[in-house]
Protein chains: 4
Amino acid sequence: MCRWLAYLGAPVFLEDFIAKPCQSLIAQSRHCREAKSEVNADGFGVGWYGERERPGLFRDVRPAWSDENLLSIAHQIRSSLFLAHVRAATGTATIRTNCHPFAADRYLFMHNGQIGGWQRVRRALEAHIPDNHYASRQGTTDSEAIFLLLLAFGFSSDAEGAFAAVIDLIERQMAASAVNEPLRFTAAMSDGEKLYAIRYASDLRPPTLYLNTRGSGGGALIVSEPIDDATTCWDSVPPQSFVRIDRAGIVVSPFRRS
Amino acid sequence: MCRWLAYLGAPVFLEDFIAKPCQSLIAQSRHCREAKSEVNADGFGVGWYGERERPGLFRDVRPAWSDENLLSIAHQIRSSLFLAHVRAATGTATIRTNCHPFAADRYLFMHNGQIGGWQRVRRALEAHIPDNHYASRQGTTDSEAIFLLLLAFGFSSDAEGAFAAVIDLIERQMAASAVNEPLRFTAAMSDGEKLYAIRYASDLRPPTLYLNTRGSGGGALIVSEPIDDATTCWDSVPPQSFVRIDRAGIVVSPFRRS
Amino acid sequence: MCRWLAYLGAPVFLEDFIAKPCQSLIAQSRHCREAKSEVNADGFGVGWYGERERPGLFRDVRPAWSDENLLSIAHQIRSSLFLAHVRAATGTATIRTNCHPFAADRYLFMHNGQIGGWQRVRRALEAHIPDNHYASRQGTTDSEAIFLLLLAFGFSSDAEGAFAAVIDLIERQMAASAVNEPLRFTAAMSDGEKLYAIRYASDLRPPTLYLNTRGSGGGALIVSEPIDDATTCWDSVPPQSFVRIDRAGIVVSPFRRS
Amino acid sequence: MCRWLAYLGAPVFLEDFIAKPCQSLIAQSRHCREAKSEVNADGFGVGWYGERERPGLFRDVRPAWSDENLLSIAHQIRSSLFLAHVRAATGTATIRTNCHPFAADRYLFMHNGQIGGWQRVRRALEAHIPDNHYASRQGTTDSEAIFLLLLAFGFSSDAEGAFAAVIDLIERQMAASAVNEPLRFTAAMSDGEKLYAIRYASDLRPPTLYLNTRGSGGGALIVSEPIDDATTCWDSVPPQSFVRIDRAGIVVSPFRRS
């Protein structure tokens, strides 16, 4: 299990959410409250949209709390759309290319959860990644495979449809491989314009997800768990939900696999 | 605060204490029981005496639990005398040269604790390190400075006397600099033949230290906290004690600064 | 292109070949003589057989010349069979799991060369790795894929046959994918008892390989390029050769793909 | 010996000088032309002034050419004043805190060169760093010590005077310690408004320094060696020179120690 946060709104310095609040993402890397493993110290990453066509990406294998580069970058960089993640590895190596977010073209993706029985379904699922996206595969996580599948299954034209199709594919493959462990999937993805998030699990027990739309910047902050103790700001996103955030507003709707 | 263990006895594989027990040092890097900060993930190190005149030294800045090199080396290497450490940094950088143990010539040293007000006494204490040892200073920790002071103050001929003199020096400097925080000092040091440990604090509240002399190998294992739940094996070393371990036996005696 | 060395013979300290000679493997990491890219600083690794059933493995992403852990380990560890490698990446990430040697069970493998058009044949070749070996795939290099294919194609019972079959498979796939770049393949592999090496290229221009059987230890040292300037010690292994080294002796024979 | 570049002018993306030109700083990390050691792969760093009061700082121990974080950050960040450095270590450890640039408050500093006999003069020179600056010392290089001395000797009010006084101090200490090796010192420093550089050596053979004032942005780029092959753009700065660059213009003047 990991912790992440994503933001879309008026430009803020990354540190405003990553480093400064009492339960900031960096604080959560050492001690989070709402996950079974409270330490999320198997690497971290931040992806942000700035002036360039492609997002910036900064990932490393250290615990987020001890990386002075992360602190300095989060202090300097201001963005109106970014994703940040601290990792608790579940079986795959602690290497940069297994750290979230993952990036390809304009897209960023990050994930908290797990495909049950990953080693048993890995090959079959990777076989659904088309050649043009497979060359982007640099690590070995289930999360990166999901990202490339989402791109392959039409995320750019129908985000929710791609999530529905990919989750359906994964669950059918898990069934075919007689995997009993659940798929748990609380994730965020962006194309640089809109921000999407999902809270879903095949056993109806997905990792937590909270939405904060009451910030001074007027934007939306979506997080694995609250980054401060302001009790009235954080709305829990219901299980089996899909979240769409853009400049026009926020829609949270029930999610169903294809 | 950090966690460490040191062993002198019949040769064992390093992993027998570092990796295999339920509360092994690697387990303690993620979650220790008897320290305020339960995560000790700001680097690790192991120093061991083998066939060569000088000890081996392997240190890195990752959390011990995620370093596959550490697991492999601990699985391969057998030693009758070694020191191992997982670090929780207290203000100095997470760099290899700040990781314990520290090595110079035949000597290894590691430490759990802190010199109160380190930044205020650092220069004055470093000034007591003679030139021939100062060139060995590669980091910025109080621990490394203590190590070089111990060498300079005659550790090779009188280990306990060196500890007494150095602690006296530190406390007098802290007083001169009007430092109110305590000196806390639970440490181990070896010359490749004997193993010494100390549990001391200027405020009489030193970090914990336990001794296990009932292992099958007949040697002595000395640890920050027990590495398993065998309740009858672990003797708490009293505060303000000095421990001497060699092939002839173990002596625990009260310790007083010069 | 990379540089590597492998040794089978009377036990020697790893540093005797890795660190001490004037053109040691560490020296070659900064400046090698017989490869187009003279800098081999995208990680390193050493695998050695010791007292345990499985080999030890130590790999990292730094340049070999700046890693004090490597120096210390190579100074301490003595082995009668080991493989060591310094990497010059050719398109895949600088992460530990892409560093050589690769290990699985009792087996170690390392490689200097390249599968031409790797990104175009990767998926097809990976599809030939059976499930039980695919779970061992932790990186994304062509080299690791070749290693797992060799294990799958019967290396344990017929080493040369496995090499012949796997190279045949690769070249047929390259042809099917209309790859014009060559396969270049100078590699070593061991099961802990015997040491095998190959010097082969589809265009008859494989990376260099030298054999030294005149060392004082009576064993065989096989290297990408000589580690010292002793002109009479180093025999160039002819292109398209297969080398078998065990306690009984050394056989160099012509190699042909299946 | 190292390689560096510094820029003051209209905002440009960092990559325009660090990554894109044929002989960019990243290219020089693998193969530079005008230094004895052509590989500069013992870490790198970039410091830039942006919207915040203090500069951003990003440093790591890998070779610059293999760090995808550096590429991404250099692609995203635009600055009108920045310093970047690739390191070739000369005796001190490859750790982040020994990488240039060094930062304190508003100030950035980086250096190519060496204090001869550093280990013999280190303690004496460190003794001249006042307490308030000594707490900033996180590494062990001569370069970081020079930086803290420059701050202590009045850089903020008289940059050239501080350089003159510090160099005088160093040379007198080297003489007192009977050091015969030269002081070589080609360095850059900034307060966020102005950019200063020096090319100086006690033996009149300082490392190279070039100035380019013909860029399209109208600013000044000052470099260890040219980053492209445009023969008419690069003016060699004479030995024993001091360079002052600000929004008003550029002054190159002879430099003399106090």
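Worth saying up front: this structure is predicted, and the values here are computed from it rather than measured. (Residues numbered from 1 in each chain as written. Chains lettered and ligands numbered in written order. Predicted model: local features only at pLDDT ≥ 70, side-chain atom pairs only at ≥ 80, totals over all residues. Heavy atoms only, no water.)

The next subject is the overall build of chain A. Counting secondary structure elements, chain A contains seven helices and 13 strands. Overall, the C-alpha framework of chain A stretches about 45 × 35 × 35 Å when taken along its three principal axes. When each of the 258 residues of chain A is scored for burial, the buried share is 64%. Residue pairs in contact within chain A that sit at least 24 positions apart in sequence constitute 65% of those at least 6 positions apart. As presented, chain A carries roughly 8900 Å² of accessible surface, and 48% of it is formed by carbon and sulfur atoms. (Helix = DSSP H or I, 4+ residues; strand = E, 2+ residues; numbered from the N terminus. Buried < 20%, exposed > 50% of the residue type's maximum accessible area, 1.4 Å probe, protein only. Contact = heavy atoms within 4.5 Å. Areas by Shrake-Rupley, 256 points an atom, 1.4 Å probe, with all protein chains shown as cover.)

We now examine the interface of chain A and chain D. The interface is formed by 24 residues belonging to chain A together with 24 residues belonging to chain D. The junction of chain A with chain D conceals about 2000 Å² of combined surface from both sides, 38% of it contributed by carbon and sulfur atoms. Taken as a group, A:Arg52, A:Gln76 and A:Arg96 account for 36% of the area that chain A buries against chain D, more than any other trio of residues on that side. Where chain A packs against chain D, one counts ten salt bridges. A salt bridge links D:Arg78 to A:Glu51, with the shortest nitrogen-to-oxygen separation between them at 2.4 Å. Put simply, chain A and chain D have 19 residue pairs in polar contact (both at pLDDT 80 or more) between them. Take the side of chain A that touches chain D: its biggest share by element is six residues, from helix 3 (residues 68–76) of chain A. Split into classes, the residues belonging to the side of chain A that touches chain D amount to seven nonpolar, six polar and eleven charged. (Buried area = accessible area lost by both parts, 1.4 Å probe. Salt bridge = Lys/Arg side-chain N within 4 Å of Asp/Glu carboxyl O. Polar contact = N/O pair within 3.5 Å; in protein donor to acceptor, adjacent residues only side chain to side chain. Nonpolar A, V, L, I, M, F, W, Y, C, P; charged D, E, K, R; others polar.)

All right, on to the relation of the copies chain A and chain D then. Mapping chain A onto chain D is achieved by rotating through 180° and translating by 0.0 Å along the same axis, at an RMSD of 0.0 Å. Expressed as an axis order, the relation between the two copies is that of a two-fold axis. With an isologous cut-off of 70% or more, the 100% of interface residues of chain A that recur at the interface of chain D puts this contact in the isologous class. (Least-squares fit on C-alpha atoms with pLDDT ≥ 70 in both.)

All names here are of chain B. With respect to the secondary-structure elements, Asp-168 resides in helix 7 (residues 159–176). Here Asp-168 falls in the buried class, since its relative accessible area comes to 12%. A C-alpha to C-alpha distance of 5.4 Å links Asp-168 and Arg-257, two positions 89 residues apart in sequence. Here Asp-168 is in contact with Arg-257 and Ser-258, once residues within four sequence places are set aside.

Residue and element names in this part refer to chain D. Strand order in the open sheet formed by six strands is 5-6-7-8-12-13, with antiparallel pairing between adjacent strands. Strands at the two margins of the open sheet, each flanked by one partner only, are strand 5 (102–104) and strand 13 (249–254). For this sheet, the mean angle separating the axes of adjacent strands, direction not counted, is 15°. Sheet analysis places strand 8 (residues 195–201) next to strand 12 (residues 241–246), joined by five bridges and oriented antiparallel. Looking at strand 12, one finds that Leu-195 is bridged to Ile-245. Running at roughly 155° to strand 7 (residues 183–190), helix 7 (residues 159–176) makes contact with strand 6 (107–115), strand 7, strand 8, strand 12 and strand 13 of the sheet. (Pairing = 2+ DSSP bridges. Axes fitted to C-alpha atoms, helices over the stretch in contact; angles between N-to-C directions.)

With that out of the way, let us pick up the packing of helix 4 (residues 118–126) of chain D against helix 7 of chain D. When two helices pack together, their arrangement is given by the angle between the helix axes and by the axis-to-axis distance. Residue and element names in this part refer to chain D. Two elements in contact, helix 4 and helix 7, have axes separated by 10 Å at closest approach and are oriented at 130°. It follows that helix 4 is oblique to helix 7 by the angle criterion. Read as a crossing pair, helix 4 and helix 7 show a hand that is right-handed. Counting all contacts with helix 4, which are made through Val-121, Ala-124 and Leu-125, the residues of helix 7 involved are Leu-169, Ile-170, Gln-173 and Met-174. Among the residues forming the contact of helix 4 with helix 7, the class breakdown is six nonpolar, one polar and no charged. (Parallel < 35°, antiparallel > 145°, perpendicular 65-115°, else oblique. Left-handed = near helix turned anticlockwise from the far one by under 90°.)

What links the strands of a sheet is backbone hydrogen bonding, and the strands pair in either a parallel or an antiparallel sense. Residues and elements named next belong to chain A. As summarised here, the arrangement of the six strands in space is 5-6-7-8-12-13, forming an open sheet in which the pairing is antiparallel. Each of the sheet's edge strands pairs with one partner strand only, and the pair in question is strand 5 (102–104) and strand 13 (249–254). Each neighbouring strand pair of the sheet contributes to a mean axis angle of 15°, computed without reference to strand direction. On the sheet, helix 6 (residues 142–152) packs against strand 5, strand 6 (107–115) and strand 7 (183–190) and is oriented at approximately 130° with respect to strand 6.

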